[in-house]
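Structural overview for review
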Amino acid sequence: MAELYAVRNLRLCTKDCLCLYVCPTGATDTEDSIIDRNKCVGCGACANACPSAAISMVPKVMPPQQPKEERVAEALRSLIRSKTQAENLAAQLPGALAAAAARSSRLMAEDLCRESGYMLPQSEEARVFLERLRTYPGIPLEVVEGLLNTLPFPEKRDRK
Ligand code: SF4
Ligand code: SF4
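Residues numbered from 1 in each chain as written. Chains lettered and ligands numbered in written order. Predicted model: local features only at pLDDT ≥ 70, side-chain atom pairs only at ≥ 80, totals over all residues.

Some details on the overall build of the protein
Helices and strands together make up the secondary structure of the protein, namely six helices and two strands. The linear arrangement of helices and strands in the protein, starting from the amino end, is β-α-α-β-α-α-α-α. Relative to the 2.2 N^0.38 estimate, which gives 15 Å for 160 residues, the radius of gyration of the protein is 19 Å and therefore markedly larger than a compact globule would have. Principal-axis analysis of the C-alpha atoms places the extent of the protein at approximately 50 × 45 × 30 Å. Counting over 160 residues, the protein shows a buried share of 12%. The long-range fraction of contacts in the protein, counting pairs at least 24 apart against all pairs at least 6 apart in sequence, stands at 61%. (Helix = DSSP H or I, 4+ residues; strand = E, 2+ residues; numbered from the N terminus. Rg over C-alpha atoms; globule rule 2.2 N^0.38 Å. Buried ≥ 20, exposed ≤ 12 C-beta atoms within 10 Å, placed from the backbone. Contact = placed C-beta atoms within 7 Å.)

This is the structure:
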C-alpha cells in the first residue's frame with residue numbers, strides 16, 4: 001500500500017483541535033497550521049478524528065498520470081484556449097452577470113487544466129507548461145522558477 005501523509009485544508013478547519021490530541025507525533029501542532037510532513041507517520045488518526053473533514057491522507061508518491069492520446073490532449077488544449085478567451089472577453093464587460101461568466105469560464109479552464117495533467121505536480125505536462133510560462137509577459141518569473149526547481153516531476157516519458 002502507498003505510504004501516506006496528512007494534509008490539512010485550512011479553509012475547512014474550524015480549529016476544533018481534535019487532531020492535536022490524537023496525533024502520536026505532534027505533526028498537527030504547528031505554528032502555521034500546516035501539518036509537519038516530516039513528523040507525520042501516516043497513521044490517519046487525525047483524518048478519522050477531524051469533525052470538519054479538513055484532513056486528507058495523500059500518497060507520498062503520486063501514481064503516474066494516465067497517458068492521453070494526442071487527439072484527446074489537443075481537444076483539451078483547444079477547450080482551455082476557448083474558455084480562457086471567454087474569460088478575457090467577459091472580464092471586459094460591465095455587470096455582475098459578466099463577472100459571473102468570467103469566473104465560470106476560469107473555473108472550467110482550471111478543471112480542464114487538471115484533466116489535462118497541467119496541475120499534477122508530478123506530470124511531465126506540468127513541467128512543460130511551466131517552462132512555456134516563462135515566456136509569457138507579466139508572469140511572476142520567480143514563482144515559476146521556484147516551482148520548476150522545487151517540484152520533482154518524476155514522471156518522464158517520451159512526448160509525441
Ligand atoms: S480536527 Fe480538523 S477542524 Fe479540528 S483543528 Fe484539526 S484539522 Fe482543524
Ligand atoms: S496521520 Fe497520524 S502522524 Fe500524521 S498528522 Fe495525522 S495523526 Fe499525526
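Picking up after the structure, the text goes on.
Regarding the environment of Pro63
You can see Pro63 is positioned in the loop between strand S2 (55-59) and helix H3 (70-91). Among the residues examined, Pro63 registers 10 C-beta atoms within 10 Å and is labelled exposed. It is 8.7 Å that separates the C-alpha atoms of Pro63 and Gln122, two residues lying 59 residues apart in sequence.

Description of the site of ligand 1
The full set close to ligand 1 counts 13 residues, and Cys13, Asp16, Cys19, Cys50 and Ala54 are the nearest of them. In terms of residue class, the shell around ligand 1 is made up of eight nonpolar, two polar and three charged. (Near = placed C-beta within 6 Å. Nonpolar A, V, L, I, M, F, W, Y, C, P; charged D, E, K, R; others polar.)

Here we look at the nonpolar core
Inside soluble globular proteins, nonpolar side chains tend to come together where they are buried. With eight residues, the main nonpolar core is built from Ala6, Cys19, Cys23, Ala27, Cys40, Cys46, Cys50 and Ile55. When neighbours within four sequence positions are excluded, Cys46 is seen to be in contact with Ala6, Cys19, Val22, Cys23, Thr28 and Ile55. (Core = buried A, V, L, I, M, F, W, Y, C linked by C-beta atoms within 7 Å.)

Focus on the confidence of the model for the protein
Averaged over every residue, the pLDDT of the protein is 88; the share at 70 or more is 93%. Mean pLDDT values over the elements of the protein span from 84, in helix H5 (residues 124-133), up to 97, in helix H2 (residues 45-49). (pLDDT = per-residue confidence, 0-100.)

Observations regarding the site of ligand 2
Lining the immediate surroundings of ligand 2 are 15 residues, of which Cys23, Ala27, Cys40, Cys43 and Cys46 lie closest. Of the residues contributing to the shell around ligand 2, the split by class is 11 nonpolar, four polar and no charged.

Quick notes on the packing of H3 against helix H4 (residues 96-116)
Helix-helix packing: each pair is described by the crossing angle between the helix axes and the interaxial distance. Look at H3 against H4: their axes get within 8 Å of each other, and the N-to-C directions meet at 160°. Accordingly, the angle class assigned to the pair H3 and H4 is roughly antiparallel. Helix-helix and strand crossings are classified by hand; for H3 and H4 the assignment is left-handed. Here Ala73, Leu76, Arg77, Leu79, Ile80, Lys83, Thr84, Ala86, Glu87, Ala90 and Ala91 of H3 come into contact with H4, specifically with Ala98, Ala101, Ala102, Ser105, Arg106, Met108, Ala109, Leu112, Cys113, Glu115 and Ser116. (Axes fitted to C-alpha atoms, helices over the stretch in contact; angles between N-to-C directions. Parallel < 35°, antiparallel > 145°, perpendicular 65-115°, else oblique. Left-handed = near helix turned anticlockwise from the far one by under 90°.)

With respect to the domain arrangement of the protein
Parsing the protein into structural domains produces domain 1 (4-59) and domain 2 (70-150). For domain 1 versus domain 2, the distance between C-alpha centres works out to 30 Å. (Domains from an automatic or database assignment.)

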